[in-house]
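Given next are the chains, with one letter for each unit.
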Amino acid sequence: MAGGNSTRMMELSNKRAIAAMPVAGSYRAIDFALSNMSNSHVQKVAVLTQFNARSLNEHLSSSKWWDFGRKQGGLFVFNPTITPDNGFWYRGTADAIAQNLNFLKSSHEPYVVIASGDGVYKMDYGKALEYHINKHADITVVTKVMPEGTDVTRFGIVKVDENNRITEMEEKPLVKKSNRVSIGVYIIRRRQLIELLEKASSENRDDLVRDIIIRYKDVKNIYAYDIDSYWNNISTVRSYYDTNMDFLKKDVHDYFFKEYPDVYSKIDDNPPAKFNPGAKVSNSLISSGCILNGVVENSVLFKKIYVGNNVTIKNSVILNDVRIGDNTYIENCIVESRDTIKPNSTYIGENGNIKVVVVKEDRYKIG
Amino acid sequence: MIKKEMIAMLLAGGQGSRLGVLTANMAKPAVTFGGKYRIIDFALSNCINSGVDTVGVLTQYQPLKLNTHIGIGIPWDLDRNVGGVSILPPYEKSTNTEWYTGTANAIYQNLKYMEYYNPDYVLILGGDHIYKMDYEMVLDFHKAHNADITLATIPVPMEEASRFGIVITNEEGRITEFEEKPKQPRSNLASMGIYIFTWKVLKEALIELSEQPGCDFGKHIIPYCHKNGKRIFAYEFNGYWKDVGTLTSYWESNMELIDLVPVFNLYEEFWKIYTKSEIIPPQYIAPGAYIEKAIIGEGAEIYGQVFNSVIGPGVIIEEGAIVRDSIVMTGSVVGKNSELYKCIIAENCTVGSNVKLGVGEESPNVWKPNIYCDGLVTVGEGSTIPDHVSAGKNTAICGTTTPEDFPNNWLPSGENIIKAGELN
């Protein structure tokens, strides 16, 4: 599921769907779900896109990066289309799949994994499937028990009985009833899914969580499968910033970057990063194609960033292909991709807030 | 019928013995370069950027690294329905089975490959130079002069001309004489080992000289064509071109990439250099790390200090380590508090902690003074160096070494420890 937008991402989502948000220097959010699919030997993957899909479609222009260029299966991208029976956009998560029901019907694989494109995690879906089969579940919802004290009210909260069967589920509750959150990954038998979607569709019900999982929780066996590894989603500016900053921690970057299996992404053919005199970098991630002449501290620099002389960047996330002019000071910011920042600029996120910087200057005026 | 106007034949079978232990386990074109690339990437990228989409790569010496690197050519967009990249090793025949005995002999043994594509022109390349060149411009020159053979040449300083194969041309650019490493050069146009042949001329010459032992382009094919009055022209190339055939020139050209504005610029959008990227995460620069003038590859982790160096993908420089004027290739680890001065550390090496390499007095190498020189320490692929040892200048280390290999924890300048690899 990669069609969603989030107004809580503010200006950052003007340009792209959440699933296409750059993450951790070299990736986009959807790479994590796609790599998990590939590493779990799920060979046939459909990506449903709708909102602002250009960046995403560009990223998915070839299936080879995730090893989906196969005779069996492959990578399918489904944008909403107008057909004789339907003239609507995707009205919800269930509707998005229902509009592509023929794809499900003509497939032969017995099970379907539904995953959202905005989660940052590594997971073997095969293990969840095994659990699903052993539990004789109709639907399995992958969940994570968040540490005490986390604000979980932006997630789907799940309550389970002693067998891990889901007894209650509530989206974005006002008051949390548990710390177990749905990570937006579901496992379901293909025929079961088709049946449920056809029913929902005939009743004009469009939402996967509300109209299928919550609605059927008492008549179907819906189980929670807990993961205890790293998971975060990036649906708000704060969570996006924090997720990127998490990659500065050794355990997180070792887990994603060094432990098998790898996370794959589109290859950009950038040269290695270059450190010129004046560059002073500390506790930061630097991606390929960067040229550094200034100070970078506690920051994540994405690909192809030019940092001018006497520049200071602190506690910030700088997205792809940004040019930062001389004598600029940036602190507590997220700088939008392809920005060109004039020399002598100052951008500071005050009072612990993260400032989203979007500037459009003529690229060739930089001195 | 399949038709390609020009196909390329890339000679990648040589050992490149002057790169010492770097080519113990791989052919020279497979040696990594510039913190990310392998030397062959430059020729392959030039091909695709010039619109040459059919490339035969001739391999012979230690081809494993090359084979896995090239694969089906995806990084260079050379995975094609018709054409693309093909690896061409020597093969067994019903009679006269032989290795590739010379550059032209290797091409001769692959006549059928070339015939399959029905080319008008064949581009002959080496896989061991660093340059960006538009072969299509050479082809235009070739056609405009109605040439049978065009040699790419580069002007070199007159005082260095005696190290090269020099051509002497008339006013229209036609070559009148060849001189191989002349004592008294009469021209400064050096052959770059890049040729465009009109296919018929090449085929005729290869068949005619097929019995020639060790048949070589420079020694046999070109002189044969010249003798027979073929039109041989010199195309003058004026860009950056570097032969990385010796450890010193290899080290120098890596170091040139670090300059503020390098002569050879990898950061231009135009004419990108492609390579197979196995490591894609960003690099991590830890608190307390210090980096001054360097290029550093993807996925590297720097905890120590790096000065004036080229650091490959996935390299780890641990706390307190100092790397100066060095090249550390893909996947190698430099242990805590170790110091590296003017070292070339090949891929996947482990340098222990408190190691000092490249210290002490200058002393010529006792084994191969012409290869291990200029104060360089060269460590071969996959080597291990134990903790608390030191090595002097002009040294070579290859294989898994133990403290016993270092009497008094010390390898004097000019000495070697060779415990692995096919060396001769």
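Residues numbered from 1 in each chain as written. Chains lettered and ligands numbered in written order. Predicted model: local features only at pLDDT ≥ 70, side-chain atom pairs only at ≥ 80, totals over all residues. Heavy atoms only, no water.

### Here we look at the overall build of chain B
Here is step 1 of the chain: Scanning chain B from N- to C-terminus turns up eight helices and 31 strands.
Here is step 2 of the chain: For 424 residues, the compact-globule estimate of 2.2 N^0.38 gives 22 Å, and chain B sits close to it at 22 Å.
Here is step 3 of the chain: Dimensions of chain B, computed from C-alpha atoms along their principal axes, come out at roughly 65 × 50 × 45 Å.
Here is step 4 of the chain: Buried residues in chain B amount to 59% of all 424 residues.
Here is step 5 of the chain: Within chain B, contacts between residues separated by at least 24 positions form 58% of all contacts whose residues are at least 6 apart in sequence.
Here is step 6 of the chain: Summing over all exposed atoms, chain B offers an accessible surface of approximately 16800 Å²; the carbon and sulfur share of this is 49%.
Here is step 7 of the chain: Measuring between centres, the 34 positive side-chain charges of chain B sit 4 Å from its 50 negative side-chain charges. (Helix = DSSP H or I, 4+ residues; strand = E, 2+ residues; numbered from the N terminus. Rg over C-alpha atoms; globule rule 2.2 N^0.38 Å. Buried < 20%, exposed > 50% of the residue type's maximum accessible area, 1.4 Å probe, protein only. Contact = heavy atoms within 4.5 Å. Areas by Shrake-Rupley, 256 points an atom, 1.4 Å probe, with all protein chains shown as cover. Lys, Arg positive; Asp, Glu negative; His and termini not counted. Charge placed at Lys NZ, Arg CZ, Asp CG, Glu CD.)

### Some points on the state of the cysteines
Here is step 1 of the chain: Overall, the coordinates contain zero disulfides over all chains when judged by the stated rule.
Here is step 2 of the chain: Free of any disulfide, B:C225 has its nearest neighbouring cysteine sulfur in B:C215, separated by 10.0 Å. (Disulfide = S-S within 2.5 Å.)

### What about the packing of aromatic side chains?
Here is step 1 of the chain: Within this structure, the stated rule accounts for 29 aromatic pairs over all chains.
Here is step 2 of the chain: A connected cluster of aromatic rings, assembled from ring pairs, spans A:Y27, A:F32, A:Y230, A:F247, A:Y255, A:F256 and A:F257.
Here is step 3 of the chain: Taking NZ or CZ as reference, A:K122 lies 5.3 Å from the ring centre of A:Y255, over its face.
Here is step 4 of the chain: Lying across the ring of B:Y91, B:K93 places its NZ or CZ 4.3 Å from the centre. (Phe/Tyr/Trp six-rings, centres within 6.5 Å; stacked < 30°, edge-to-face > 60°. Lys NZ or Arg CZ within 6 Å of the ring centre and 35° of its normal.)

### As for the nonpolar core
Here is step 1 of the chain: Ranked by internal contacts, the top residues of the largest apolar core, which has 89 residues, are A:F247, A:F256, B:I302, B:I311 and B:L357.
Here is step 2 of the chain: Counting only domains with at least three residues in this core, you end up with domain 1 (7-257) and domain 2 (274-357) of chain A.
Here is step 3 of the chain: Leaving out residues up to four positions away in the same chain, A:F247 has contacts with A:V23, A:A24, A:F32, A:V120, A:V252, A:H253, A:F256, A:F257 and A:L285.
Here is step 4 of the chain: Counting 79 residues, the second-largest nonpolar core is a separate cluster that includes A:I291, B:A8, B:I70 and B:W251. (Core = buried A, V, L, I, M, F, W, Y, C linked by side-chain atoms within 4.5 Å. Domains from an automatic or database assignment.)

### Details of the interface of chain A and chain B
Here is step 1 of the chain: Each partner contributes residues to the interface: chain A has 40 residues there, and chain B has 40 residues.
Here is step 2 of the chain: Summing both sides of the interface, chain A and chain B together bury roughly 3000 Å²; the carbon and sulfur share of this comes to 56%.
Here is step 3 of the chain: Seen at the junction of chain A and chain B, the total is three salt bridges.
Here is step 4 of the chain: As a salt-bridge pair, B:E301 and A:K250 come within 3.8 Å of each other at their nearest N and O atoms.
Here is step 5 of the chain: Element by element, the count of residues in the side of chain A that touches chain B is highest for helix α9 (residues 250-257) of chain A, at four residues.
Here is step 6 of the chain: Partitioned by chemical class, the residues of the side of chain A that touches chain B number 18 nonpolar, 13 polar and nine charged.
Here is step 7 of the chain: With three bridges joining them, strand β15 (residues 284-286) of chain A and strand β14 (residues 283-285) of chain B adopt antiparallel strand pairing. The partner of A:I286 across the bridge, within β14(B), is B:Q283. (Buried area = accessible area lost by both parts, 1.4 Å probe. Salt bridge = Lys/Arg side-chain N within 4 Å of Asp/Glu carboxyl O. Nonpolar A, V, L, I, M, F, W, Y, C, P; charged D, E, K, R; others polar. Pairing = 2+ DSSP bridges.)

### Digging into empty space enclosed by the protein
Over the atoms rolls a probe the size of a water molecule, and in doing so it shows where empty space is left.
Here is step 1 of the chain: Here the structure, examined in full by the defined rule, presents five cavities of 30 Å³ or more.
Here is step 2 of the chain: Quantified by volume, the largest cavity comes out at close to 90 Å³.
Here is step 3 of the chain: Lining of the largest cavity is provided by 14 residues; of these, A:D268, A:S288, A:K303, B:I280 and B:E298 occupy positions nearest its centre.
Here is step 4 of the chain: Looking at side-chain class alone, the lining of the largest cavity contains two nonpolar, six polar and six charged residues. (1 Å grid on protein atoms, 1.4 Å probe; cavity = no way out; pocket = protein on both sides within 12 Å on 5 of 7 lines; lining within 4 Å. Points joined across faces, edges and corners; volume = space filled by probe spheres on them.)

### Remarks on the sheet that holds strand β14 (residues 280-282) of chain A
All names here are of chain A.
Here is step 1 of the chain: Strand order in the open sheet formed by five strands is β14-β17-β20-β23-β26, with parallel pairing between adjacent strands. Pairing within the sheet leaves two strands with one partner each, and these edge strands are β14 and β26 (346-348). Put simply, the sheet's adjacent strands are angled 5 degrees from each other on average, direction ignored.
Here is step 2 of the chain: Here strand β23 (residues 329-331) pairs with β26 via three bridges, running parallel. Across the sheet, Y329 pairs through a bridge with T346, a residue of β26. (Axes fitted to C-alpha atoms, helices over the stretch in contact; angles between N-to-C directions.)

### A closer look at a nonpolar patch on the surface
Residue and element names in this part refer to chain B.
Here is step 1 of the chain: A grouping of V366, W367 and I418 is seen on the molecular surface, where their side chains present a nonpolar patch of about 270 Å² in accessible area.
Here is step 2 of the chain: The topology assignment puts I418 in strand β31 (residues 416-418).
Here is step 3 of the chain: Looking at I418, the relative accessible area reads 34%, which means it is partly exposed. (Patch = residues over 30% accessible without salt bridge, like charges linked within 9 Å, V, L, I, M, F, W, Y side chains within 5 Å.)

### Some details on the pairing of strand β17 (residues 305-311) of chain B
All names here are of chain B.
Here is step 1 of the chain: Extensive coverage of β17 is indicated by the burial of five of its seven residues.
Here is step 2 of the chain: Two strands pair when backbone bridges link them, and strand β15 (residues 290-296) and β17 are joined in this way by six bridges, in the parallel orientation. Paired with E292 across the two strands is F307, which belongs to β17.
Here is step 3 of the chain: Of the pairings in the sheet, the one linking β17 to strand β19 (residues 322-324) comprises three bridges and is parallel in character.

### Section: helix α6 (residues 199-208) of chain B
Within an α-helix, residues lying three or four positions from one another point in the same direction, as the helix has 3.6 residues per turn.
Residue and element names in this part refer to chain B.
Here is step 1 of the chain: Within α6, burial applies to W199, V201, L202, A205 and L206. Seen from one end, α6 has its buried residues packed into an arc of 165 degrees, which puts them on one side. Seen from the open side of α6, the exposed residues pointing more than 90 degrees away from its buried face are K200 and E208.
Here is step 2 of the chain: Turning to α6, the residues buried within the fold contact α3 (103-108), α4 (111-116), β6 (121-126), β8 (149-155), β11 (189-198) and α7 (217-227). (Arc of directions from axis to C-beta.)

### Concerning the domain arrangement of chain A
Residue and element names in this part refer to chain A.
Here is step 1 of the chain: For chain A, the assigned domains read domain 1 (7-257) and domain 2 (274-357).
Here is step 2 of the chain: Opposite the 21 residues of domain 1 that make contact, domain 2 presents 25 residues.
Here is step 3 of the chain: For the pairing of domain 1 and domain 2, the buried interface totals around 1800 Å² over both sides, and the portion due to carbon and sulfur atoms is 63%.
Here is step 4 of the chain: Summed over the shared surface of domain 1 and domain 2, the number is zero salt bridges.
Here is step 5 of the chain: Along the contact surface separating domain 1 from domain 2 lie three residue pairs in polar contact (both at pLDDT 80 or more).
Here is step 6 of the chain: Breaking the side of domain 1 that touches domain 2 down by element, the ones donating at least two residues are β1 (22-23), β2 (27-28) and α8 (237-246).
Here is step 7 of the chain: In terms of residue count, the dominant contributor to the side of domain 1 that touches domain 2 is α8 (six residues).
Here is step 8 of the chain: Split by residue class, the side of domain 1 that touches domain 2 holds 13 nonpolar, three polar and five charged. (Polar contact = N/O pair within 3.5 Å; in protein donor to acceptor, adjacent residues only side chain to side chain.)

### Structural notes on unusual backbone geometry
Negative phi values dominate among residues other than glycine, just as trans dominates among peptide bonds.
Residue and element names in this part refer to chain A.
Here is step 1 of the chain: Cis peptide bonds are those with omega within 30 degrees of zero, and the linkage from Y260 to P261 qualifies with -5 degrees.
Here is step 2 of the chain: Residue position: P261 is located in the loop between α9 and β13 (273-275).
Here is step 3 of the chain: With phi around 70 degrees, N164 is a residue other than glycine that occupies positive phi space.
Here is step 4 of the chain: By secondary structure assignment, the location of N164 is in the loop between β8 (156-160) and β9 (166-171).

### Side note on the pairing of β8(B)
All names here are of chain B.
Here is step 1 of the chain: Where burial is concerned, most of β8 is hidden: six out of the seven residues are buried.
Here is step 2 of the chain: As paired elements, β8 and β11 share six bridges and run antiparallel to each other. Each bridged residue has a counterpart across the sheet, and for I154 the counterpart in β11 is A190.
Here is step 3 of the chain: One ladder, built from five bridges, connects β8 with strand β12 (residues 232-236); its direction is parallel. What sits directly across from I149, in β12, is I232.

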